[in-house]
Amino acid sequence: MQYGAAAEQAWYMPAAAMVAAGPESAVARVERLASESAVVVFSVSSCCMCHAVKRLFCGMGVHPTVHELDLDPRGRDLERALARLVGAAYSSPAPVVPVVFIGGKLVGAMDRVMAAHINGSLVPLLKEAGALWL
């Protein structure tokens, strides 16, 4: 077996290149993660409302990508970024999560998702994003 420099170069990124790119901001990371799947839920694993929104999607046959903020080392920064995106005051006692993106677009927190479900606009959003086919 040969473990040459060519094999190492396939995955190695010099530190200078990483510094030049700069660290990704929390807002940029949220936007990137939100655009990687048809349905993305930012959640906290112990949150009952987060569980409810995940169950809603699973019950509809949609399997969202879930990012558990309490399990992410940068979760607190992501939560602040999400609070800014949904217009919530981060210092308020009300939790920011769950926050849902469909087709890379911000739908909002639990209240917006449930309102869309009740008024019938959630299914067309899911179909348009390619998360639901029926």
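Refer to the structure printed above.
Residues numbered from 1 in each chain as written. Predicted model: local features only at pLDDT ≥ 70, side-chain atom pairs only at ≥ 80, totals over all residues. Heavy atoms only, no water.

## As for the environment of Glu 128
The following threshold applies: Secondary structure is summarised from DSSP: a helix means a run of H or I of at least four residues, a strand means a run of E of at least two, and numbering begins at the N terminus for each. The buried label goes to any residue with under 20% of its type's maximum accessible area, the exposed label to any with over 50%, and the partly exposed label to all in between, with areas taken from a 1.4 Å probe on protein chains only.
Within the fold, Glu 128 resides in helix H7 (residues 122–129). Note on Glu 128: relative accessible area 61%, which makes it exposed. Each C-alpha atom, one on Glu 128 and one on Ile 102, is 9.0 Å from the other, the two residues being 26 residues apart in sequence.

## Structural notes on the layout of surface pockets
Which entries qualify depends on this criterion: The distinction between a cavity and a pocket rests on a 1 Å grid over the protein atoms alone: a 1.4 Å probe fits inside a cavity but cannot get out, while a pocket stays open yet meets protein on both sides within 12 Å along at least five of seven lines, and a residue with an atom within 4 Å of a point counts as lining. Grid points are joined across faces, edges and corners, and a volume is the space filled by probe spheres set on the points. When residue character is reported, Ala, Val, Leu, Ile, Met, Phe, Trp, Tyr, Cys and Pro are called nonpolar, Asp, Glu, Lys and Arg charged, and the others, Gly included, polar.
There is about 200 Å³ of room inside the largest pocket. The wall of the largest pocket is formed by 14 residues, among which Val 86, Gly 108, Ala 109, Asp 111 and Arg 112 lie closest to the centre. Going through the elements one at a time, helix H5 (75–86), strand S4 (105–108) and helix H6 (110–119) are the ones with two or more residues in the lining of the largest pocket. Within the lining of the largest pocket, the residues separate by chemical class into 11 nonpolar, 1 polar and 2 charged.

## Considering the nonpolar core
Inclusion rule: Take the buried residues of types Ala, Val, Leu, Ile, Met, Phe, Trp, Tyr and Cys, join any two whose side-chain atoms come within 4.5 Å, and each joined set is a nonpolar core. Note on definitions: a residue-residue contact is assigned when non-hydrogen atoms from the two residues lie within 4.5 Å.
Core analysis: the largest hydrophobic core is formed by 18 residues, its most contacted members being Val 30, Phe 42, Leu 69, Leu 82, Val 97, Val 99 and Phe 101. Counting residues per element, the ones that place at least two in this core are helix H3 (26–35), strand S1 (39–43), H5 and strand S3 (99–102). In contact with Phe 101, other than residues within four places in its own chain, are Val 30, Ala 34, Ala 38, Val 39, Val 40, Phe 42, Leu 82, Leu 85, Leu 106 and Val 107. Val 39, Val 53, Val 100 and Ala 116 belong to the second-largest nonpolar core, a separate cluster that totals 17 residues.

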